[in-house]
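Structural overview
For reference, the chains in residue letters:
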Amino acid sequence: MRPPTEIGVFLLSLLAPGVLYTMNNIPALQEPLVILGMGAVILGSVLLLLFLTVRHKAKVDPLFYVFAEFSFTCLVGLTNALEQDGFISGFMGFYIKMGEPHLTTAYALMMSYWEGIVHFILFFVIIHRMFSGKSYRSLGLLWAGSSIAHQIVHIPGVVIGKYGSNIRPAFWRNIPFFLAPFWAASLLFSRPREMQIITADKIAAEQKKSLLFRPIDLLLSLLLLGSMAFSVFRGFVVLDCSLDTCFTYIYQYEPYLKDPVGFPRVMMLVYLFYALPLLTVFIYGLKTPGCSWMLDWTIFFAGAMAQTQWCHIGASLHSRTPFTYRVPADKRLPVIALNALLAAAPALLALRCHTNPAYFMKPVPAGQSNSKKKEN
């Protein structure tokens, strides 16, 4: 009897630390171009092994190879985080020196922990559901949002930050990992959404209520407005706004925003130019009935905000961030609370949309049972 596919992927992923340990102890494999070439060979070999793992199956979802390949790299990231924080040693020294020196930064460590724990668990659950014939679309969108947010901060942050003058060939292995989540997201968004049928009467009743008579939606709208204001404010801060309020905030509350590593600056600009428009359309979706796209985009956005805020909060407190850029001890409570709310608001919105989706659905013929399923 063959073991479940997810167990095979898990065991294959466990090879990652062994590969790193081997390369760390063979000097011939530690030259910059050799590291890039070895990375391509290893990832190609993993892809071949994955193909052999599922070759007996009649039909394999192409996204399986994306999720399984990323599972392998998740344990590479977790190994890096554990070594930089002193829990293990002897795995990443060669790669930090000759591959990607920026992986020693506090932001990169928080990013690695997120990949190695949250993403890895998501992949395990997704692959299990994939081969059990169950829907994984929502979990896939959650990962896609998280992974895309990770890459659009990570890659520009390295290029424009203080490590931009020390980019090694191995850095360019991030390009396929930048493109793959976009491809995966486009596939997931194009697939039909499965959800329960809700009777036309219930949909009509929900959609007749104005925002003032939906207190949860009203509260969420206020939270989103607050998130918009905070995003605009911090965008101005990193753009060197001369207002006294901005000056006070960056020096007395979040000095991490001026850390020369570049990641916090890029993140605030991503919030200003990408998160802000999405927050605006979400408020529109809460006010306008029948916006079924809310059911997908809120999950995608919740994943993105959870990942970026985890990295931002953790890095602003981590000991690897120079003391002058860490959040002052007497300001930690308000700063952490504001940042936690910025992550919580999209998550609460996604939860609201999926626990009671009637307001966001198009009307269906009356008399249908809400226990049946339909594709919306």
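Here, the structure is the one placed above.
What counts, and where the lines are drawn
Residues numbered from 1 in each chain as written. Predicted model: local features only at pLDDT ≥ 70, side-chain atom pairs only at ≥ 80, totals over all residues. Heavy atoms only, no water. Phe/Tyr/Trp six-rings, centres within 6.5 Å; stacked < 30°, edge-to-face > 60°. Helix = DSSP H or I, 4+ residues; strand = E, 2+ residues; numbered from the N terminus. Buried < 20%, exposed > 50% of the residue type's maximum accessible area, 1.4 Å probe, protein only. Patch = residues over 30% accessible without salt bridge, like charges linked within 9 Å, V, L, I, M, F, W, Y side chains within 5 Å. Areas by Shrake-Rupley, 256 points an atom, 1.4 Å probe, with all protein chains shown as cover. Salt bridge = Lys/Arg side-chain N within 4 Å of Asp/Glu carboxyl O. Axes fitted to C-alpha atoms, helices over the stretch in contact; angles between N-to-C directions. Parallel < 35°, antiparallel > 145°, perpendicular 65-115°, else oblique. Left-handed = near helix turned anticlockwise from the far one by under 90°. Contact = heavy atoms within 4.5 Å. Expected span 1.5 Å × (residues − 1). Bend = angle between axes of the 7 residues up to and from the residue. Core = buried A, V, L, I, M, F, W, Y, C linked by side-chain atoms within 4.5 Å. Polar contact = N/O pair within 3.5 Å; in protein donor to acceptor, adjacent residues only side chain to side chain.

With respect to the packing of aromatic side chains
Within this structure, the stated rule accounts for 26 aromatic pairs. A centroid spacing of 6.0 Å and a plane angle of 90° characterise the contact between F67 and Y136, whose relative ring orientation is edge-to-face. On the criterion of sequence distance, the pair formed by F67 in helix α4 (residues 63-84) and Y136 in the loop between α6 (106-131) and α7 (137-160) is long-range, its members being 69 residues apart. Grouping residues by exposure puts F67 and Y136 together as buried. With a centroid separation of 5.3 Å and an interplanar angle of 70°, the aromatic rings of W297 and F300 are classed as edge-to-face.

Topic: unusual backbone geometry
Backbone geometry places D240, a non-glycine residue, at a positive phi of 65°. Positionally, D240 belongs in the loop between α10 (215-238) and α11 (244-252).

Structural notes on a nonpolar patch on the surface
Judged by side-chain polarity, I7, F10, L11, L14, I117, V118, I121, F124 and V125 come together as a nonpolar surface patch covering roughly 700 Å² of accessible area. Of all the elements in the fold, those that place two or more residues in the nonpolar patch are α1 (5-13) and α6. It is α6 that contributes the most residues to the nonpolar patch, five residues altogether. When you line up the elements, L14 lands in the loop between α1 and α2 (15-24).

A short note on the packing of α2 against α4
Packing of α2 against α4 leaves a shortest axis separation of 8 Å and a crossing angle of 60°. Of the possible angle classes, the one that applies to α2 and α4 is oblique. For the pair α2 and α4, the crossing hand works out as right-handed. Contacts between α2 and α4 pair L15, A16, P17 and L20 from the former with F72, L75, V76 and T79 from the latter.

Details of helix α14 (residues 332-355)
Between the first and last C-alpha of α14 there are 33 Å, a value that for 24 residues agrees with the 34 Å anticipated at 1.5 Å per step. At A344, α14 shows its largest kink, close to 25°, and the proline P346 lies no more than four residues downstream. Turning to α14, its buried residues are V335, N339, L342, A343, A345, P346, L349, A350, R352 and C353. Structurally, α14 contributes buried residues whose contacts are with α10, α12 (263-287) and α13 (294-317).

Focus: the nonpolar core
Counting residues in each nonpolar core, the largest one holds 106 residues, and the members touching the most others are F64, F67, Y107, W143, L224, M294 and L349. It is α12 that provides the largest number of residues to this core, a total of 13 residues. If we skip the residues at most four places from it in the chain, F64 touches T5, V9, L50, V54, I127, M130 and F131.

A short note on the side chain of R193
Here R193 shows up in the loop between α8 (174-190) and β1 (194-196). From its side chain, R193 meets the backbone oxygen of S292 in a polar contact 3.4 Å long. A polar atom in the side chain of R193 sits 3.0 Å from the side chain of D296.

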